[in-house]
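# Examination of the molecular architecture
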Amino acid sequence: MSQAKPFDIPKREVWEAFKRVKANQGAAGVDGQSIADFEVRLADNLYKLWNRLSSGSYLPPPVRRVDIPKADGGRRPLGIPTVADRIAQEVVRRYLEPLQEPVFHKDSYGYRPERSAIEAVRTTRQRCWRYDWILDLDIQGFFDNIDWELLLRAVRKHTPCRWVLLSIERWLKAPGMLEDGTLVPRERGTPQGGVISPLLANLFLHYVFDVWVGRRFSGVPFERYADDIICHCRSEREALALRRVLDQRFARLQISAPSAEDENRLLQGHQSQG
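Residues numbered from 1 in each chain as written. Predicted model: local features only at pLDDT ≥ 70, side-chain atom pairs only at ≥ 80, totals over all residues. Heavy atoms only, no water.

### Some thoughts on the overall build of the chain
What counts, and what does not: Put simply, DSSP H or I for four residues or longer makes a helix, DSSP E for two residues or longer makes a strand, and each gets a number counted from the N terminus. Computation of the radius of gyration draws on C-alpha atoms, with the globule rule given as 2.2 Å multiplied by the number of residues to the power 0.38. For every residue, the accessible area obtained with a 1.4 Å probe (protein chains only) is divided by the maximum for its type, and the residue is called buried under 20%, exposed over 50%, and partly exposed between those limits. Charged-residue counts in this description rest on Lys and Arg as positive and Asp and Glu as negative, His and the chain ends being excluded. Note on charges: their place is set at NZ of Lys, CZ of Arg, CG of Asp or CD of Glu.
Counting secondary structure elements, the chain contains ten helices and eight strands. For the chain, whose C-alpha radius of gyration is 21 Å, the value lies close to the compact-globule estimate of 19 Å for 274 residues. Counting only C-alpha atoms, the chain reaches 75 × 40 × 35 Å along its principal axes. Burial analysis of the chain (274 residues in total) assigns 46% to the buried set. Looking at charge distribution, the chain has the averaged site of its 42 positive side-chain charges lying 5 Å from that of its 36 negative ones.

### Observations regarding the pattern of salt bridges
Inclusion rule: Here, a salt bridge means any side-chain nitrogen of Lys or Arg that lies within 4 Å of a carboxyl oxygen of Asp or Glu.
Considering all chains together, one arrives at 18 salt bridges under this definition. A salt bridge links Arg112 to Glu101, with the shortest nitrogen-to-oxygen separation between them at 2.9 Å. With Arg112 in the loop between helix H4 (83-100) and helix H5 (117-128) and Glu101 in the loop between H4 and H5, this pair connects stretches of sequence that are eleven residues apart. In terms of burial, Arg112 and Glu101 fall into one category: buried. Of the charged contacts, one joins Arg153 and Glu149 as a salt bridge, the two residues approaching to 3.7 Å between their closest N and O atoms. Here Arg153 pairs with Glu149, and both are found in helix H6 (residues 148-156), just four residues apart, close to one helical turn. Because the salt bridges share partners, they merge into one network encompassing Arg20, Glu90, Arg93 and Glu97.

### Overview of the state of the cysteines
The following threshold applies: Note that a disulfide, as used here, is simply two cysteine sulfur atoms within 2.5 Å.
All chains considered together, the criterion is met by zero disulfides. Cys233 provides the cysteine sulfur closest to Cys231, a residue in no disulfide bond, and the two sulfurs are 6.3 Å apart. The buried category is assigned to Cys231, whose relative accessible area is 0%.

### Thoughts on the packing of aromatic side chains
Condition: Planes of paired rings set the category: under 30 degrees apart is stacked, over 60 is edge-to-face and the rest tilted, where pairs are Phe, Tyr or Trp rings (Trp by its six-membered ring) whose centres lie within 6.5 Å.
According to the stated counting rule, one finds nine aromatic pairs in the structure shown. For the pair Phe18 and Phe38, a centre-to-centre distance of 6.0 Å together with 25 degrees between the ring planes defines the contact as stacked. A residue pair is termed long-range when its members are at least 10 positions apart, and Phe18 in helix H1 (residues 11-24) and Phe38 in helix H2 (residues 35-40) qualify at 20 residues. Of the residues examined, Phe18 reaches a relative accessible area of 3% and is grouped as buried. Overall, Phe38 belongs to the buried group, its relative accessible area being 2%.

### Observations concerning helix H9 (residues 236-252)
Heads up, the condition is: Expected helix span is taken as 1.5 Å per residue step, with the number of steps being one fewer than the number of residues.
With 17 residues, H9 extends 25 Å between its outermost C-alpha atoms, agreeing within 8% with the 24 Å of an ideal straight helix rising 1.5 Å per residue. Where H9 is concerned, the buried positions are Ala239, Leu242, Arg243, Val245, Leu246, Arg249 and Phe250.

Following this line, the structure appears as structure tokens:
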């Protein structure tokens, strides 16, 4: 009997995705199933997931939503997909990342292979000796406000693969579930905590920020770690001009403008004295 499916997804990819998810561990999603529970019937569970992905019938369950404390005293919503859903997202991430990595900006450091926050800090320190002013940007609620249409358009620039596009669209629309079982519908954004979310966020900001700044402000180097960005400017005038234009751009995209007060986020650097 033929096992032909609409989408050609190698079973090996699902197995490799499971190994990555297991290594990262993580809490159970809305179904309460831990990784250990998933492994009890590992072959059956992986086959079922492969079958649904390759037939196009996979529908992600709601994402368990929890609020975790932030250093500033606030709270940040975190989404916890089920184990099976994390594996499915890892399958898509493994497909997309090799297509997107070669075009990503060299000064994008967050959630990328062979790059780290330490490299970003090192580059920032070196450039601060050459530029007197920096613009420090921290986009408020970035993950929760990504425009789906723009994001999917960016994904399509890199692949026409139907099962990838279908899966991503379904993940974006999957509701959150609060601890009391209340479902929270989503209209924008991608939940923090999803395996695929960091890659999608980097792709979105690659076009919204990295490429755009390179065209409009080619003389302004920057370092970006996800939605935290440092821009280096030669003068206060240049830094203020960049901020005004970015405020307008973020507003058009319905992304919260940089989150801090003017004088606290526009910081004067210090030139080397010798």
